[in-house]
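A structural walkthrough
So the chains spell out like this:
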Amino acid sequence: MLPTIPSHGEDLLDDADAIRAADTSGAVLGAATGGGQIRAVATAVRSGALDGLRGARPRAVVWVVGRSSQAAAAARIVTSVLASHQQFPGFPVVIEHRIPAWVGALDVVVVSGADAGDPVQAEAIEVARKRGADVLCDLPKEGPAAHVGESGVSWIEPLAFVAPERAILRHLAVGFALFSALGVSGIDIEAAADVVDERLSANGPELAVPVNPAKLLAREVAESSAPQIVFEDEVAGAVAGRVAQAFTESGRPTTTSPLADALRMNPVLAAKDSGPAGAADDIFHDEFIDGPKHSGLRPTYFGLALAVSAERVAHLAAGLGVVSWIDMREAGQESVDRDPSAPAQELSFDELVVESMALSACCELAAAYALVAA
C-alpha cells in the first residue's frame, strides 16, 4: 500500500507559500503555464507557421513522437478527439516512434517532442524532406534537428522556460492547430487557452483543498492503495492514459482500465479480498489510527467520461461501487442543477476539443500537487 499524504502534506496543500517553496522541480509552476503554452502556438500560427499546410489534403498525417511520452500522449488525445468528428476528412493519422519507410511526397509529417538532439527526430525530418513530404516540427529549433531542417520545414518552437515533462499542452495545441489548418472545423485553440487559464486559476495554490478540484484529486489519489481510472469512450481513455502517467511520474502509480474490464474484474477481486488473503491482515491494525484496511487487490476507482453519454456511463459504473469522477468543469462554481457525484453532460466536438485540453491541464496540476506534497 502506498503511503498517504501525511498531516504535514495536508497542511502544505492548504498553504500556497509552502507549495511554492516545496516546488523545487518546477512541477506546479510548469503545470500552471498551460494557457501560455497554447497561446505561444496560437501566436506562431497567426505569424504564418502553418500557412504552407493550409488547405492541404494529404494521403496521411504521420506523427513521429520519438521517445517523448508527452508527445505520444498528446497525439493519442488529438487523434481520439478527431475520430469523434462526424465530418473529419478521410486521411488517416498514424502515430509512430520513428518515421515509416513508406512516407512520401503526399504526406504531412509532424515531428514532435522535446529533445532536438534526438537522432531519431533529426532523421525523421531529413528523410521526410528528401521524400518531398510537408514537415511540421514541434521541437526546439536547435541541435541536429535545426541543422537538417533549415529550409522547407515549418517550425513551432516551445516556450524556453517550460520543462519538457510539463509541455503536453503545447503538443496538444500544435496537433489541433495543424488539423484546423488542414480543414477540420470546430477547433479554436485561442478559446481553449482562455478556458485553460480560467480552470487553472480555479485550481491554483491559493485555493484550499475543499474548494480546489485539483488538490482534491491529488489527495484522493495519494490516499488510494491502487488508484485506477476507468473510462468508456476513446477520448476519455486517451486522456486517462496521460493522467495516470502524470501521477505515476509523481510517485503515485496509477492505472487505467476500460469500464467493461473493470466491471468484469471487480467481483473477482472482491471475492479474493474477502477470502483467506483478507483474513491474513495484521491483527493489530486499528482502523481509527491506521485507516481502513486494504489488501492491495481492489483498486480505488476514478471515472472519466467525455465523448459519450455521461448518464449511461454513471449507470454502468454503479456496479463498481464508489467511483470518484474526475471533472474540473465546475471548478470555482456552485451548481444546484447537477448531481456532483455524476459526470457532466455529453460534449459537442468543439467543446470536446476545449475540454480535452482543459482537463489535461488541470490533471497535470493535480499530479504536480501530489508530487510536492509527497
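As a reminder, the structure under discussion sits directly above these lines.
A closer look at the sheet that holds strand S4 (residues 134-138)
Pairing is parallel across the open sheet formed by 5 strands, whose spatial order is S2-S1-S3-S4-S5. The sheet is open, and its two borders are formed by strand S2 (93-96) and strand S5 (153-155), each paired with just one other strand. Each strand axis lies, on average, 20 degrees off the axis of its neighbour in the sheet, ignoring direction. By the bridge criterion, 3 bridges tie S4 to S5 in an arrangement that is parallel. Paired with cysteine 137 across the bridge in S5 is tryptophan 155. Strand contacts of helix H6 (residues 119-130): strand S1 (61-64), strand S3 (108-112), S4 and S5, with the helix running at about 165 degrees to S3, the strand carrying the most contacts.

Examining the environment of glutamate 223
Relative to the assigned elements, glutamate 223 resides in the loop between helix H10 (213-222) and strand S6 (227-231). Glutamate 223 gets classed as partly exposed once you look at its relative accessible area, which sits at 35%. Put simply, glutamate 223 and arginine 252 are 29 residues apart on the chain and 9.6 Å apart in space, counted from C-alpha to C-alpha.

A look at the pairing of S6
Counting buried positions along S6 yields 5 of 5 residues, so the element is predominantly enclosed. Taking every second residue as pointing to the same face, both faces of S6 are buried, with Pro227, Ile229 and Phe231 on one and Gln228 and Val230 on the other. When S6 meets strand S8 (residues 300-304), the two strands line up parallel, connected through 5 bridges. Paired with phenylalanine 231 across the bridge in S8 is leucine 304. Read from S6 through helix H11 (residues 234-249) to strand S7 (residues 255-258), the crossover connection turns out right-handed.

Thoughts on helix H9 (residues 189-201)
Side chains three or four residues apart in an α-helix point the same way, a direct result of the helix having 3.6 residues per turn. The end-to-end C-alpha distance of H9 is 18 Å, a good match for the 18 Å that 13 residues give at a rise of 1.5 Å each. Of all the residues in H9, the buried ones are Ile189, Ala192, Ala193, Val196, Arg199 and Leu200. Viewed end-on, H9 has its buried residues packed into an arc of 130 degrees, placing them on one side of the element. Turned more than 90 degrees away from the buried face of H9 sit Glu198 and Ser201, all of them exposed. The inward-facing, buried residues of H9 abut helix H3 (27-31), helix H4 (34-46), helix H8 (168-181) and helix H16 (349-373). Residue aspartate 188 occupies the N-cap position of H9, its side-chain oxygen lying 3.2 Å from the main-chain nitrogen of glutamate 190.

Thoughts on the sheet that holds S6
The parallel open sheet is built from 4 strands, whose spatial order is S7-S6-S8-S9. Either end of the sheet is taken by a strand with one partner, and the two such strands are S7 and strand S9 (323-325). Direction aside, the axes of adjacent strands within the sheet are offset by 35 degrees on average. Running at roughly 165 degrees to S6, H11 makes contact with S6, S7 and S8 of the sheet.

Observations regarding the side chain of serine 154
Turning to its location among the elements, serine 154 is positioned in strand S5. Here alanine 49 takes part through its backbone oxygen, which lies 3.3 Å from a polar atom of the side chain of serine 154.

Some remarks on the environment of glycine 35
Its location among the elements puts glycine 35 in helix H4. For glycine 35, a relative accessible area of 0% corresponds to the buried category. Taking the C-alpha atoms as reference points, glycine 35 and leucine 169, 134 residues apart in sequence, are found 7.9 Å from one another. When sequence neighbours within four positions are dropped, the list of residues in contact with glycine 35 reads Ala193, Val196, Asp197 and Leu200.

Re the pattern of salt bridges
All chains considered together, the criterion is met by 17 salt bridges. Notably, a salt bridge pairs arginine 242 with glutamate 364, separated by 2.6 Å at the nearest N-O pair. Placement of arginine 242 in helix H11 and of glutamate 364 in helix H16 is noted, with a sequence separation of 122 residues between them. Taking relative accessible area as the criterion, glutamate 364 reaches 7% and is therefore assigned buried. One salt bridge connects aspartate 261 with arginine 264, and the closest N-O pair in it is separated by 2.6 Å. Of this pair, aspartate 261 and arginine 264 both sit in helix H12 (residues 259-273), 3 residues apart, which is roughly one turn of the helix. When its relative accessible area of 29% is taken as the criterion, aspartate 261 is described as partly exposed. Classification of arginine 264 as exposed rests on a relative accessible area of 53%. Among the charged side chains, a network of salt bridges with common partners joins Asp17, Arg20 and Glu206.

What counts as what
Residues numbered from 1 in each chain as written. Predicted model: local features only at pLDDT ≥ 70, side-chain atom pairs only at ≥ 80, totals over all residues. Heavy atoms only, no water. Pairing = 2+ DSSP bridges. Helix = DSSP H or I, 4+ residues; strand = E, 2+ residues; numbered from the N terminus. Axes fitted to C-alpha atoms, helices over the stretch in contact; angles between N-to-C directions. Contact = heavy atoms within 4.5 Å. Buried < 20%, exposed > 50% of the residue type's maximum accessible area, 1.4 Å probe, protein only. Right-handed = clockwise from strand over helix to strand, strands pointing away. Expected span 1.5 Å × (residues − 1). Arc of directions from axis to C-beta. Polar contact = N/O pair within 3.5 Å; in protein donor to acceptor, adjacent residues only side chain to side chain. Salt bridge = Lys/Arg side-chain N within 4 Å of Asp/Glu carboxyl O.

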